[in-house]
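# Summary of structural features
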Amino acid sequence: MRCAVIVFPGSNCDYDLYKAANYIEGIQAEYVWYTSKSLDGFDAILVPGGFSYGDALRAGALAARAPILKALQRAADSGTRVLGICNGFQILTECGLLPGALHRNSGLRFICRTVNLEVSNTATPFTSGYVGRTSTHVRLEIAHGEGNYTCDSDTLHKLEDNGQIVFRYSGDNPNGSVANIAGITNEAGNVLGMMPHPERAMADWMGSSDGRILFESMRD
Amino acid sequence: MLKGIVTVSLKQDVLDPQGQAVLHSLQTLGFPEAQNVRIGKSIEVWLEESDSQKAESRLKEMCEALLVNSVIEDYSFEIVED
Amino acid sequence: MHTDEPTPDQIHCKKVYKQMGLNDDEYSLVVELLGRRPNLTETGIFGVMWSEHCSYKNSKLLLSRFPVDGPKVLQGPGEGAGVVDIGDGYAVVFKVESHNHPSAIEPYQGAATGVGGILRDIFSMGARPVAVLNSLRFGPLSDSEADKKIISRTRYLFGNVVAGIAGYGNCIGVPTVGGEVCFDECYTGNPLVNVMGVGILRHDQLQHGRAEGIGNSVIYVGLATGRDGIHGATFASEELNEESDAKRTAVQVGDPFMGKLLIEACLEVYESGAIYSVQDMGAAGLTCSSTEMADKGGVGMELNLNLVPQRAENMSAYEIMLSESQERMLFVTNPGREEEVFAIFKKWNVPAVAVGHVIEEQVLRLKHHGEKVAELPLNTVCGASPVYQRESKMPQEVVERQQQTAITWSVPENLQIVFQQLIQTPELASKSWVYQQYDCMVRTSTSVRPGSDAGVVRVEGTDKALAMSIDGNSRYVFLDPKTGGKIAVAEAARNVVCSGARPLAITDGLNFGNPEKPEIFWQLEQAVSGMAETCNFLKLPVTGGNVSLYNETEGEAIYPTPVVGVVGLIENNDHTTTQFFQNSGDVLLLLGDTKNELGGSSYQQMQLGKITGMPPKLDLDKEQTLQQTLLEIIHSGIVISAHDLSQGGLAVALLTSCTENYGILVNWEIDLRPDIALFSESQSRILLSISPDNTELVEVVMQKKGVPCARIGKVVSSGTSGSNCGGSTGCFDISLNGTPVIQAELNPLRELWKNAIGREMEISV
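Attention in this report is confined to the structure presented alongside it. (Residues numbered from 1 in each chain as written. Chains lettered and ligands numbered in written order. Predicted model: local features only at pLDDT ≥ 70, side-chain atom pairs only at ≥ 80, totals over all residues. Heavy atoms only, no water.)

## Side note on the overall build of chain C
The helix and strand inventory of chain C stands at 26 helices and 28 strands. Scaling as 2.2 N^0.38, a compact globule of 765 residues should have a C-alpha radius of gyration of about 27 Å, and chain C matches this with 26 Å. Along the longest, intermediate and shortest principal axes, the C-alpha atoms of chain C span 85 × 55 × 45 Å. With 765 residues in all, chain C has 65% of them scored as buried. Here the contacts in chain C between residues at least 6 apart in sequence split such that 84% fall between residues at least 24 apart. Summed over all atoms, the accessible surface of chain C reaches about 25800 Å², with 47% contributed by carbon and sulfur. Of the charged side chains in chain C, 60 are positive and 92 negative; the average position of the first set lies 1 Å away from that of the second. (Helix = DSSP H or I, 4+ residues; strand = E, 2+ residues; numbered from the N terminus. Rg over C-alpha atoms; globule rule 2.2 N^0.38 Å. Buried < 20%, exposed > 50% of the residue type's maximum accessible area, 1.4 Å probe, protein only. Contact = heavy atoms within 4.5 Å. Areas by Shrake-Rupley, 256 points an atom, 1.4 Å probe, with all protein chains shown as cover. Lys, Arg positive; Asp, Glu negative; His and termini not counted. Charge placed at Lys NZ, Arg CZ, Asp CG, Glu CD.)

## Side note on the sheet that holds strand 23 (residues 639-644) of chain C
All names here are of chain C. Here seven strands make up an open sheet; going across it, the order is 23-25-22-26-24-27-28 and the pairing mixed. Strands with a single pairing partner mark the edges of an open sheet, and in this sheet they are strand 23 and strand 28 (739-745). Here the strands of the sheet are splayed against their neighbours by 20° on average, with no regard to which way each runs. Relative to strand 26 (residues 709-717), strand 24 (residues 662-668) runs antiparallel, the two being bridged by five bridges. Among the inter-strand pairings, Tyr662 is bridged to a residue of strand 26, identified as Ser717. In the packing of helix 25 (residues 692-705) onto the sheet, the strands contacted are strand 22 (587-591), strand 25 (686-690) and strand 26, and the crossing angle to strand 22 comes to about 15°. (Pairing = 2+ DSSP bridges. Axes fitted to C-alpha atoms, helices over the stretch in contact; angles between N-to-C directions.)

## What to know about the sheet that holds strand 15 (residues 455-458) of chain C
Residues and elements named next belong to chain C. Read from one edge to the other, the open sheet built from six strands follows the order 14-15-16-21-17-18, with strand pairing classed as mixed. Unpaired on one side and paired on the other, strand 14 (446-448) and strand 18 (542-548) mark the two borders of the sheet. Across the sheet, the axes of successive neighbouring strands diverge by a mean angle of 20°, strand direction being ignored. Relative to strand 18, strand 17 (residues 502-511) is paired through five bridges, and the arrangement is parallel. Its bridge partner lying in strand 18, Asp508 is registered against Gly545. Across the sheet, helix 19 (residues 481-498) touches strand 16 (465-471), strand 17 and strand 21 (561-570), and the angle it forms with strand 21 is around 30°.

## A few points about the pairing of strand 12 (residues 363-368) of chain C
Residues and elements named next belong to chain C. Where burial is concerned, most of strand 12 is hidden: five out of the six residues are buried. In this sheet, strand 12 lies alongside strand 9 (residues 300-304) in parallel orientation, the contact comprising four bridges. Its bridge partner lying in strand 12, Glu302 is registered against Arg365. Alignment of strand 12 against strand 13 (residues 371-377), held across six bridges, turns out to be antiparallel. The partner of Val363 across the bridge, within strand 13, is Pro377. The antiparallel hairpin formed by strand 12 and strand 13 contains two residues in its connecting segment, where His369 sits at a positive phi of about 50°.

## Concerning helix 3 (residues 87-94) of chain A
All names here are of chain A. Here helix 3 lies mainly inside the structure; eight of its eight residues are buried. Along helix 3, the residues classified as buried are Asn87, Gly88, Phe89, Gln90, Ile91, Leu92, Thr93 and Glu94. Where helix 3 ends, the next residue or the one after it, Gly96, has phi of about 90°, a positive value.

## A short note on the interface of chain B and chain A
Every contact between the two is made by 16 residues of chain B and, on the other side, 14 residues of chain A. Roughly 1200 Å² of surface becomes buried between chain B and chain A when both sides are summed, with 67% attributable to carbon and sulfur atoms. Of all residues in chain B, Pro17(B), Leu66(B) and Ile72(B) bury the most surface against chain A, accounting for 39% of the area lost on that side. Our count for the contact surface shared by chain B and chain A stands at one salt bridge. At the junction of chain B and chain A, the tally comes to five residue pairs in polar contact (both at pLDDT 80 or more). Going through the elements one at a time, helix 1 (17-28), strand 2 (41-47) and helix 2 (52-67) of chain B are the ones with two or more residues in the side of chain B that touches chain A. Partitioned by chemical class, the residues of the side of chain B that touches chain A number twelve nonpolar, two polar and two charged. (Buried area = accessible area lost by both parts, 1.4 Å probe. Salt bridge = Lys/Arg side-chain N within 4 Å of Asp/Glu carboxyl O. Polar contact = N/O pair within 3.5 Å; in protein donor to acceptor, adjacent residues only side chain to side chain. Nonpolar A, V, L, I, M, F, W, Y, C, P; charged D, E, K, R; others polar.)

## Re unusual backbone geometry
You will see that Ala179(A), though not glycine, has its phi angle at about 55°, which is positive. With respect to the helices, strands and loops of the structure, Ala179(A) is situated in the loop between strand 9 (165-169) and strand 10 (181-185). You will see that Ser684(C), though not glycine, has its phi angle at about 55°, which is positive. Structurally, Ser684(C) can be placed in the loop between helix 24 (674-679) and strand 25. Since its relative accessible area comes to 11%, Ser684(C) is described here as buried.

## Considerations on the pairing of strand 9 of chain C
Residue and element names in this part refer to chain C. By the criterion of burial, strand 9 is predominantly enclosed, with four of the five residues buried. Sheet topology note: the strand 9/strand 11 (residues 352-359) ladder contains four bridges and is antiparallel. Bridging across to strand 11, Leu303 finds its partner in Gly356.

## Notes on the environment of Val37(B)
All names here are of chain B. In this fold, Val37 is placed in the loop between helix 1 and strand 2. The class of Val37 is buried, set by a relative accessible area of 13%. Sequence spacing of Val37 and Leu26 is eleven residues, and the spatial spacing of their C-alpha atoms is 9.4 Å.

## Some points on the nonpolar core
Phe8(A), Leu39(A), Leu72(A), Leu83(A), Phe167(A), Phe158(C) and Phe331(C) are the most contacted members of the largest nonpolar core, which has 130 residues in total. If we ignore the near neighbours within four places in the chain, the residues touching Phe8(A) are Tyr34(A), Val47(A), Ser52(A), Tyr53(A), Ala63(A), Ala66(A), Ile68(A), Leu69(A) and Ile91(A). Tyr17(C), Met20(C), Cys54(C) and Val373(C) belong to the second-largest nonpolar core, a separate cluster that totals 49 residues. (Core = buried A, V, L, I, M, F, W, Y, C linked by side-chain atoms within 4.5 Å.)

## A look at the packing of helix 19 of chain C against helix 20 (residues 518-538) of chain C
The geometry of a pair of packed helices is captured by two quantities: the angle between their axes and the separation between those axes. Residues and elements named next belong to chain C. Between helix 19 and helix 20, whose axes approach to 7 Å, the crossing angle comes to 40°. With respect to helix 20, the axis of helix 19 lies oblique. In this structure, helix 19 crosses over helix 20, and the sense of that crossing is right-handed. Two secondary-structure elements touch here, helix 19 through Pro481, Lys482, Gly485, Lys486, Val489 and Ala490 and helix 20 through Trp522, Gln523, Gln526, Ala527, Ser529, Gly530, Met531, Glu533, Thr534, Cys535 and Leu538. Looking at the contact of helix 19 with helix 20 residue by residue, the classes come out as eight nonpolar, six polar and three charged. (Parallel < 35°, antiparallel > 145°, perpendicular 65-115°, else oblique. Left-handed = near helix turned anticlockwise from the far one by under 90°.)

Honestly, that's just the spatial picture; any functional story needs more than this.
Below, the structure is given as C-alpha cells:
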C-alpha cells in the first residue's frame, strides 16, 4: 500500500506519521509537498498534525486552500482513504471534506495527555481491527489547543444516524467536544478526521501501541 | 485606496469559552453589569480599487473563500477610504 | 547619519553612553581604544557587546574555574552551544539560556522568544532540536498577607510564561520533555525563565560560526528587522524598576511558524554544503553575530545596511544593528554557491539576502545610504571589554542565619495533616497543570515524559537514548552558596543517573543579583566554586551556559539561583528507568543516610514561612559512589524504579513514585524524630523498588560499596487491602518504628497533590 504524507509549511507531525506508516509491514509512505498538483497512484493519503501556516486566521484554514487540496478532494471523491490527524482533522473540516468545525478547547489551554477512547464504529476501513476490544482499552494521546468539535444539531443527528462518529472520548471530555466526539468520517466512510494521535502510539515504549491497529486496519 | 474592515464573530449559538472567561474576570474585577461577552476578530484588507461597490462584492467573496468559516462564524464589513 | 542623532561630542558631553549600558570608565576605554569619540551606532555596538550578557565581564574570572574539557567534548563554551560525542557518529548539542527580564515585562512573548532563542542556538550548530526543558521561578501563587494585586500579577506571569513556552514550543514542533517550577517570595518582582535546548547531530553536520574566505558573501536569513528589542542585551543586564514597564518596546515578539521554516530550511542548507559558517542573531542581533563571526575567523566584515530587510520605515543604522527582532540568522557562504542557498530558502519561503561580504581588514565596516556609518576594529569590540574582579564580602546576616537552629518547633500532633498541606504547596504539588500544556511527544522519540526525574528521548538509528534534566534549589544556595552550588550539580547528575544514564556534561544558568554589591558577588563566587568543585570531582565538563545578573527589584535581590541542565547517555534503551512503581510486592529500598537536615527544606519553609540554618551537607565521595553503584545495578537490569530524594524528603518521594494503580506500605526503623524522618532533605539518597527475588542481591552490592541501604516497605496495588487502608482507592501507609504516622487512601491523596496548582489558579484572589 502506497501512502502519501502531505507536508504543509508548519506541519510538524509529518515525520511522525511517515515513521508510523512505514513501521507497518506492507505500507510504504512518501512525503508529498503541499504545492504538488497530483496524488495519483496513492492508495491512502495522510494529513498530518502540527501548525500548518502557524494556525493563522483559523487552525487549518490556509492549508485547506493550498494547491494540493484539489488533488486531495479528487482522491477523496474517488474513494481513496484519507486520514487527517489533529491539524489534519482541522484541515479536512476547513476544506469541507468533513462536516463541522474545531474550535478552541473549552478550558482555553493547550492539552497534551493520554485519553481513553471508545471506538463507536468498528465497521470502517480505519477501525476494523478494533473489533472485540474493550472500548476503554484504546488509549491515545491528544495534543491540541483547538479540538473542540462543533456542528449544528442536524449535522450531529446525521453523524449519529450514519455511524460517522468513530471515536468518542470516554470518561472525561478534555476539550468540550459535542457528543464527546474525537473522530468522524465522511458519509462515504473513506475520510477520517481525528484529534488523538495514533502515530504516537505504535509501541509499548511510547506508552501505548493502540495506534498501530488503526494503520493495520487501513492496510487490510 | 479603499480599506475593507471585516468583523468576524462566533455564531450566536456557538459557545465562546474565551468570552465566558473574560466575562468571569470582568465580574470579579467589579463589573457586575457585564452580562455577556463574545470575542470576535477584526480583519483589515487594503484594496487597490476605487469603486466601492466592486470592492464590496470582492470583499464578500474573500470572506466566503477564506476569511470566515461559515460553520461557526458570522461576519459583517464596511468599506472606508484610506 | 540620522539628523536627530546625537553627535559623538554630544554623546561624550551629555553622557548618552550611559543609556546604552556603558559607564564612564568603559566609555573612556572605548575612546582610548578607537583614538576618537564613537558615533551613536558605534557607541550602541560597544554598549551591547560589553554588556554582561555578551562579554561576561563580571563573571568571566569565576567561570574560568569550571572544567570545560573532556574526552567526549567536541565543542566547549564559545559557540552557540556545547557539543558532546555520544558514539555511533552522533553528538548531542545543548545549552541553557535565560529570558528573565523580558518575561517580567511581557511574560508570553518573553518566554516564547526564550524558547526560540535557545532553539536557534541549537540548530545554528547544525543539530536537529529534539527537546526543550525549562526552569521557572515565580512569587507565591497565594498568600493571605500579600497584596491581592501582587498575587494576581504573579498568577498572570506564571500563566502566561507557561502559555508562551507552550505557544512557541508546540508550534515549532519540539517536545518539552521536562523542567521544574518553584515559587518563593524572592521572585515576586523578578521571575526567572531559563530554557534549555537539546539537539542531535551527526559529527559531519557540525557547523561553526567562524567567518572566513575574503570576498565570501554574508547572507541575512529570516524575518525582516523591526524596532523590537533594541538594547535587549543591555536591558537584560540591568535591575528592574518602575521604569521597566515603560520600556515595553524592548520586548521582542516571536514567530514560531517562521522558526519552524527556518529550522527545516537551515538543516537543508547545511546538507547542501553551500555555506561556510552560521550564527544565530540572538541577543544584540546583527551586531553580535557579525562581529563575533568575523572575530572568530580572524577576518573583517563589511555590511550594507540598506540591503538588510526592514519591517519599519526609516530605520537608522543604530536601530538596524541593535534590533533584536526574532527568527533571524547570519550565514557566510562558500564561494559561488549563493544561488543554491537562495533556492533552498525560497522553497521554504524564508527570506534570504546578501548584505555584505568578508573582508581582510579585521574591522566591522557598516555602510548606510552610501556612507560609512561605522568602522570598528574587531579586537576592540570583542574581547576588549574590561573584566571585573568585583569585591566580595560574606554578609553578616548569612553568618547569623547559619547559626540559627533549623528546627524550632515540636513534633506536630498529626503528621498526616502536615503531609497533606505540604503536598499541596505549589512547589511540591504535581506540575501536571504546567506540563500538560506542553506537547511532550511530537517527533515520537520521547520515552519518558515530564513528571519523572528526567525526560528521556531516544536517539534514532541507535539503541541509545538521552536523559535530560534541569534543576536547582536556590534555598540551599541562599543559606550557604558553596554547599548549594555543590548540591545543584550533584542533584542534576543524580536525576539522570536515576533514569539509567551516565551524565555527560552540564550547562549552567547563573541567575544572581547585582554583582557590584559585594554580598551578591560573594554569593556568585561561592556558588560557582561549589559547582566547579563538584564538576571536577564528578568529571562533568561545563560545555556552555548563561549568566543573568542584576535580578533585583527595587534593590532586593532574588535568592542566588544557579540552575543546572544536564544530559546523560543511556547506552541501551532497555536501561531506561523511571521513578514509578510497577509491580505489587516489589521491595522498597532507601539508599543513603537520612540525617537531621531541615535547613532550607520545604517543610521548614512551610512551618516557619522562612528558611534558616545550614542546608543539607554533601559528601562528594559518597555521592559519586552512590551514583556509580546505582548505574551498575540499573545496567544489570534489576531496578524497577529509581527516584532521587529531594524537596519534601522521603514522604514526598514515596508519593511521587506511586501511580493510580500502585501505593505503598512502609515501616521504617529509624532513629529520628518522625517529622524529620519523613521530610529531611539529606542529600545522596535514592528510593528504589526491586523485585523480592533481587532484593538481597542489591543489598549485597550496596554493602560492598558502603552505600547505606534500608528495606523500608513494599509496593501494594490498589485493590489490595493494606493494614488499615487500601481497597479500590489504594493505600499510602507509612509507619515509623512500628507506629503509624500516615495512613491514607492513595488516590484521594494523589488528587490533592495532582490538582493543587490548578485549584490555586482557578480560585479568585
